[in-house]
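Commentary on secondary and tertiary structure
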Amino acid sequence: MRATTIHAPFDMRVEDVPDPVVQEPTDVVLRVLRACICGSDLWAYRGESARQPGQRIGHEFLGIVEAAGSDVTGFAAGDLVVAPFVWSDGTCEYCAEGLQTSCPRGGFWGSVGSDGGQGEAVRVPFADGTLVKLPAEAASDDRLLTALLALSDVLGTGHHAALGAGVTKGSTVAVVGDGAVGLCGVLAAKRLGAERIIALGRHTARTDIARAFGATDVVAERGEAAEAAVRELTGGQGAHGVIEAVGTEQSMRTAVAIARDGGSIGYVGVPHGSGTGLDLSVMFDRNIALRGGVAPVRAYIPELLPDVLAGTIDPSPVFDLTVGLDGVPAGYKAMDDRTALKVLVKP
């Protein structure tokens, strides 16, 4: 089979790799119908996150079960399924608590020795604890299939951020970051009943999506100018909840500055360069809560899936460029150059 591999910074290749097979009785082999490139993949692409030469990559995908191990009870060949970006056994205490990202036997797609999602097929460990079945008829609906792909990461991550930000009906929410996760944070905040949603972003194509997803205001400024703009929009108080979807020191400083006293920050931006940027004394004095981290999207898929199927929420507009498998290296460059928001891959 063919799959995307990374060999060095900016050196992405689509190569022949061994076909996946059932190795454990809890495995399934999945034929990938849709995958995508994540903003977090760019840290490896740029050389800011270490990878071994030839390592597989990609953690967002859905597809058709081709083969199932003897102990798999929930899936059979022919089932359409979506995979969250972490596999988990579904039986440990963390899985029972809805924190599948801390499963001791879990792992990330594309880690050393595992398959990545940006290829033709994937071996899925602990299939019963990991995968979620989708309606078979969705396989023939291109728009719906694209929307369902967002359940593998960005929609659930945006939802996790909104929960961490304490979004409630009638609240005011600010979203720092206009990438796919930030935009899905807007969608999640709207779904949870936020009355006012302030999107911070400078790219019109992205802020147009934010408005379509429910943003009531857009702030294009950065730094202190952005802080002042949000304060002005909120009568000087700031937002009840802030979604931080970037992960830099500056973005976290902005999130703290635009939060209302007593407010909450839901942070899901993968931290990079933010090790010293959080002033706990400011947060202490202003009673600002901080909650977030790696989103346990497997816990959220059953809740979000019915709304996606019904069309109540539609995250598909975050995918603005589609490529085949051979186009994946160019897709990385497009996202790195910011000429694409999020690249959809059709193997």
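Everything below is about the structure shown above.
This is a predicted model, so every value here is computed, not measured. (Residues numbered from 1 in each chain as written. Predicted model: local features only at pLDDT ≥ 70, side-chain atom pairs only at ≥ 80, totals over all residues. Heavy atoms only, no water.)

It is worth spelling out the overall build of the protein chain at this point. Assigned secondary structure in the protein chain consists of twelve helices and 18 strands. Relative to its length of 347 residues, the protein chain is compact, with a C-alpha radius of gyration of 20 Å against a globular reference of 20 Å. Oriented by its inertia axes, the alpha-carbon framework of the protein chain measures out at about 60 × 40 × 35 Å. Taking all 347 residues of the protein chain together, 56% fall into the buried category. (Helix = DSSP H or I, 4+ residues; strand = E, 2+ residues; numbered from the N terminus. Rg over C-alpha atoms; globule rule 2.2 N^0.38 Å. Buried < 20%, exposed > 50% of the residue type's maximum accessible area, 1.4 Å probe, protein only.)

Right, let's get into the packing of aromatic side chains. What the rule picks out here adds up to five aromatic pairs. Looking at Arg-46, its charged tip hangs above the ring of Trp-43, at a distance of 5.0 Å from the centre. (Phe/Tyr/Trp six-rings, centres within 6.5 Å; stacked < 30°, edge-to-face > 60°. Lys NZ or Arg CZ within 6 Å of the ring centre and 35° of its normal.)

Turning our attention to the packing of helix α4 (residues 142-149) against helix α11 (residues 297-310). Each packed pair of helices is defined by two parameters, the angle between the axes and the distance between the axes. With their axes 10 Å apart at the nearest point, α4 and α11 run at an angle of 160° to one another. For the element pair α4 / α11, the angle class is roughly antiparallel. For the pair α4 and α11, the sense of crossing is right-handed. Along its contact with α4, which presents Leu-144, Ala-147 and Leu-148, the element α11 presents Leu-305, Val-308 and Leu-309. For the contact of α4 with α11, the residue count by class is six nonpolar, no polar and no charged. (Axes fitted to C-alpha atoms, helices over the stretch in contact; angles between N-to-C directions. Parallel < 35°, antiparallel > 145°, perpendicular 65-115°, else oblique. Left-handed = near helix turned anticlockwise from the far one by under 90°. Contact = heavy atoms within 4.5 Å. Nonpolar A, V, L, I, M, F, W, Y, C, P; charged D, E, K, R; others polar.)

Attention shifts here to empty space enclosed by the protein. Applying the stated criterion to the full structure yields two cavities of 30 Å³ or more. Within this model, the largest cavity holds a volume of roughly 40 Å³. As for the largest cavity, its lining consists of Val-175, Gly-177, Asp-178, Gly-182, Leu-183, Val-186, Ala-199, Leu-200, Gly-201, Arg-206, Thr-207 and Ala-210. Of the residues in the lining of the largest cavity, the class split is six nonpolar, four polar and two charged. Lining the second largest cavity, in full, are Pro-84, Phe-85, Val-86, Gln-100, Thr-101, Ala-295, Pro-296, Val-297 and Arg-298. The class makeup of the residues in the lining of the second largest cavity is six nonpolar, two polar and one charged. (1 Å grid on protein atoms, 1.4 Å probe; cavity = no way out; pocket = protein on both sides within 12 Å on 5 of 7 lines; lining within 4 Å. Points joined across faces, edges and corners; volume = space filled by probe spheres on them.)

With respect to the element layout, Leu-33 can be found in strand β3 (residues 28-36). Sequence spacing of Leu-33 and Val-81 is 48 residues, and the spatial spacing of their C-alpha atoms is 9.9 Å. Apart from residues no more than four positions distant in its own chain, Leu-33 is found in contact with Leu-62, Gly-63, Ile-64, Leu-80, Leu-145, Val-345, Lys-346 and Pro-347.

Attention now goes to the sheet that holds strand β13 (residues 217-219). One open sheet accounts for six strands, arranged β13-β12-β11-β14-β15-β16; its pairing is parallel. The strands lining the two open edges of the sheet, one partner per strand, are β13 and β16 (289-292). Strand-to-strand twist of the sheet, defined as the mean angle between neighbouring strand axes without regard to direction, takes the value 20°. Together, β14 (239-244), β15 (259-267) and β16 form the strand contacts of helix α5 (residues 154-164), whose direction differs from that of β15 by roughly 155°. (Pairing = 2+ DSSP bridges.)

With respect to the element layout, Lys-169 can be found in the loop between α5 and β11 (172-176). With relative accessibility at 77%, the residue Lys-169 sits in the exposed group. In sequence terms Lys-169 and Leu-192 are 23 residues apart; their C-alpha atoms lie 6.3 Å from each other. Excluding anything up to four places from it in sequence, Lys-169 contacts Leu-192 and Gly-193.

Turning to the sheet that holds strand β4 (residues 55-56), a few remarks are in order. Backbone hydrogen bonds are what pair the strands of a sheet, in a parallel or an antiparallel way. Spatial ordering of the open sheet is given by β2-β1-β4, a layout of three strands whose pairing is antiparallel. Since the sheet does not close on itself, it has two edges, and those belong to β2 (11-16) and β4, each with one partner. Summarising the sheet, strand β1 (residues 2-8) and β2 pair through six bridges and their orientation is antiparallel. Residue pairing in the sheet places Ile-6 in a bridge with Met-12 of β2.

In this model, Phe-10 sits at a positive phi of 65°, which is unusual for a non-glycine residue. Of note in this structure, Arg-338 is not a glycine but carries a positive phi near 65°. Here Arg-338 is to be found in the loop between α12 (328-336) and β18 (343-346).

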